[in-house]
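Here is what each chain is made of, one letter per residue.
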Amino acid sequence: MVKISALAVILATCATPSTLAFVPNGNVPTFSGSSSYATTSGMTSLSQSTRTADDTSTSSTVDMTSATKAATTAATAPTTTANSMKSPKREKVIREPALWEYNFGLQDPQIPLPHDIQERITPPEKYAITEEQIQTLERDGVVHIKGVFDEEWVNYLRQATMYQVNEPHFWAFAGTASKLYDYIQRNIWQTNKAFANFYYHSAMGHVLAQCGRTEEIRVSTDLLMVNPNKGFKWHQDNQNGPITWDEGLRFWITMDETPADYGAPVYLKGSHFNTVVGEQAVFVDIEQEGLEAYKDKVAEFRTMPGDMLIWHPRTIHKVDGPEDGIWTTYRRVLGGTVAKAGTTYHDKTGSGGVLSDLGRHGLVEGDKLRSPFFPIVYPKFDKSEADDRDAGRVGRSPRDIVGKIGGLAGKASGDKFLSFFKVLGSR
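The present account deals with the structure reproduced in this document. (Residues numbered from 1 in each chain as written. Predicted model: local features only at pLDDT ≥ 70, side-chain atom pairs only at ≥ 80, totals over all residues. Heavy atoms only, no water.)

## Examining the overall build of the protein chain
If you tally the helices and strands in the protein chain, you get 11 helices and 11 strands. Put simply, the protein chain has 427 residues, and 56% of those count as buried. Considering only intrachain contacts with a sequence separation of at least 6, the fraction spanning at least 24 residues in the protein chain is 85%. Taken as a whole, the protein chain presents about 18,600 Å² of accessible surface, with 54% of it coming from carbon and sulfur. (Helix = DSSP H or I, 4+ residues; strand = E, 2+ residues; numbered from the N terminus. Buried < 20%, exposed > 50% of the residue type's maximum accessible area, 1.4 Å probe, protein only. Contact = heavy atoms within 4.5 Å. Areas by Shrake-Rupley, 256 points an atom, 1.4 Å probe, with all protein chains shown as cover.)

What follows is the structure in structure tokens.
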């Protein structure tokens, strides 16, 4: 069993790429059967992976060998026993990767873009939302926009996600080993080209620009999240990159149907107007003085594939995981924070917020947030920024990490992250 420090757990949320290249040694055993996620040349097929089962939300493929064995066993069993009446053991759809399975450097799943989009040529798509939806976000601090992405885009994101799960990146190591998620990786767009292409060409930027009433959207930080095992109690988001609350918007893009009994995000409507929860806090006690006006204004969203959730970074929310921490289905989400036009760089060195800003971009306090480390995605991606990303220049070294998190040592590493660890838990 891998043991990691509390600080290593936090570092899981700040993963960005290295310019190193590494291919793990050894052959990976295979499942029998096939998967609907087998992809084009250059990608790893899920039928050759021991790390995931078939996605029941999109594939009805059955392992016939296993089915035959089960049928034979059932036919030859003489009587029904008490043991045979027990519920089947719940098993995860994703197993934790072995240490040697992690990869370094840039990864390219080579997934064709939908809608005949030409990579790095076709401008981003658009998706119009209503004034009522924008006002809902401004009033409640959260809005659910259904069906932004069609089946082709959902399948694209699922393929990119399952490639990543089967080819885990080093920057996902701490979060995965900590059991917070079955898989979690920050700044996934920097290492996995498929997610960068999604930002460059999909309607995500247009939707967020309308929500923020802004003419420009840049990605401040993002996260690929698969199955939150422990769940997260009431909290607000402070890993938004080097920006302020009001300069950003949080987003979720969902790839799966939310289970009926758990996994649905729950928000306190209007809580982005609260004045009692500090910027460094993560965990929120909704019974505390000053939150009386919000604690009973609950909005729960059972998101479906292709939906977007958008909220103010200060809005208080939670997600409950399964009681036993075992996901037998997938809950795959691409989320993060974007910056609106006019945003400036805020150096959060010495605070918990720095963990989502560890790149060597050269920006200093007060600079305009213009950098390939925070790429523009609306109204149109910048080719030079994309080229820097593809060349591996949007990354960091261990020196960057040590330099920026140095201020968190000692007492701060306990006090500032105590709030984070209070968030963990399924209920």
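## Describing the packing of aromatic side chains
Within a pair of aromatic rings, the relevant descriptors are the distance that separates the centres and the angle that separates the planes. One pass over the full model with this rule turns up 14 aromatic pairs. Measuring from ring centre to ring centre gives 5.3 Å for F149 and F198, while their planes differ by 55°; the resulting arrangement is tilted. One end of the pair, F149, is in the loop between β1 (142-145) and α4 (151-166); the other, F198, is in helix α7 (residues 193-201), and 49 residues separate them in sequence. Neither F149 nor F198 differs from the other in exposure class; each is buried. Through a chain of ring-to-ring contacts, three or more aromatic side chains come together here, namely F149, W153, Y156, F198, Y199 and F251. The ring of F381 has K380 sitting right over it, with the charged end atom 4.3 Å from the ring centre. (Phe/Tyr/Trp six-rings, centres within 6.5 Å; stacked < 30°, edge-to-face > 60°. Lys NZ or Arg CZ within 6 Å of the ring centre and 35° of its normal.)

## Details of the pairing of strand β6 (residues 265-268)
Looking along a regular strand, one sees the side chains alternate between the two faces of the sheet. What you see with β6 is no split at all: P265 and Y267 on one side and V266 and L268 on the other are buried throughout. Looking at chain direction, β6 and strand β9 (residues 317-319) are connected through three bridges and run antiparallel. Looking across to β9, one finds that V266 is bridged to K318. The pairing of β6 with strand β7 (residues 298-300) spans three bridges and is classified as antiparallel. Residue pairing across strands places Y267 opposite A299, the latter belonging to β7. (Pairing = 2+ DSSP bridges.)

## Digging into the environment of N187
Relative to the helices and strands, N187 is located in the loop between β2 (181-186) and α6 (188-191). Note on N187: relative accessible area 5%, which makes it buried. In the structure, N187 is positioned 149 residues away from G336 in sequence and 8.6 Å away in space, judged by C-alpha atoms. At 3.2 Å, the side chain of N187 forms a polar contact with the side chain of T221. (Polar contact = N/O pair within 3.5 Å; in protein donor to acceptor, adjacent residues only side chain to side chain.)

## A short note on the pattern of salt bridges
Two side chains that carry opposite charge are able to pair once their charged atoms sit near each other. Counted according to the given criterion, the structure contains 19 salt bridges. A salt bridge links D182 to K92, with the nearest nitrogen and oxygen atoms 3.0 Å apart. Taken together, the residues span a long stretch of sequence, with D182 in strand β2 and K92 in the loop between α2 (64-76) and α3 (131-140) at a distance of 90 residues. The class for D182 is buried, based on a relative accessible area of 6%. Ionic pairing is found between D320 and K318, a salt bridge with its closest N-O pair at 3.5 Å. Neither D320 nor K318 differs from the other in exposure class; each is buried. (Salt bridge = Lys/Arg side-chain N within 4 Å of Asp/Glu carboxyl O.)

## Regarding the packing of α4 against α7
At a minimum axis separation of 9 Å, α4 and α7 run at an interaxial angle of 155°. Judged by the angle between their axes, α4 and α7 are roughly antiparallel. Where α4 crosses over α7, the two elements pack in a sense that is left-handed. On the side of α4, the interface is formed by W153, Y156, L157, A160 and T161, while α7 contributes A194, F195, N197, F198 and H201. (Axes fitted to C-alpha atoms, helices over the stretch in contact; angles between N-to-C directions. Parallel < 35°, antiparallel > 145°, perpendicular 65-115°, else oblique. Left-handed = near helix turned anticlockwise from the far one by under 90°.)

## Notes on the nonpolar core
F198, M204, M308 and I310 are the most contacted members of the largest nonpolar core, which totals 58 residues. If sequence neighbours within four positions are ignored, M308 has contacts with V143, H144, I145, V148, F149, M204, V207, L208, F251, W252 and I253. Counting residues in hydrophobic clusters, the runner-up holds 15 residues, among them I184, F232, W311 and V319. (Core = buried A, V, L, I, M, F, W, Y, C linked by side-chain atoms within 4.5 Å.)

## Regarding unusual backbone geometry
Residue P379 follows Y378 across a cis peptide bond; omega there is 10°. By secondary structure assignment, the location of P379 is in the loop between β11 (376-378) and α9 (383-390). A positive phi angle, close to 60°, is found at H115, a residue other than glycine. By the element assignment, H115 lies in the loop between α2 and α3. Even without a glycine there, the phi angle at R213 is positive, about 50°.

## Comments concerning α7
Judged by how many residues are buried, α7 sits mostly within the fold: nine of nine residues are covered. For α7, the full list of buried residues reads K193, A194, F195, A196, N197, F198, Y199, Y200 and H201.

## Focus on the sheet that holds β6
The pairing of strands in a sheet happens through backbone hydrogen bonds and is either parallel or antiparallel. Pairing is antiparallel in the open sheet, where four strands are placed in the order β4-β9-β6-β7. Of all the strands in the sheet, the pair left with one neighbour each is β4 (232-235) and β7. Taking the axes of each pair of neighbouring strands and ignoring which way they run, one obtains an average angle of 15° across the sheet.

## A word on helix α8 (residues 204-211)
When you tally the buried positions in α8, you get eight out of eight residues, the bulk of the element. If you check which residues of α8 are buried, you get M204, G205, H206, V207, L208, A209, Q210 and C211.

## Comments concerning the side chain of S220
In this fold, S220 is placed in strand β3 (residues 217-228). Those residues in contact with S220 that sit more than four places away from it in its chain are N240, G241, P242, I243, T337, V338, A339 and F374.

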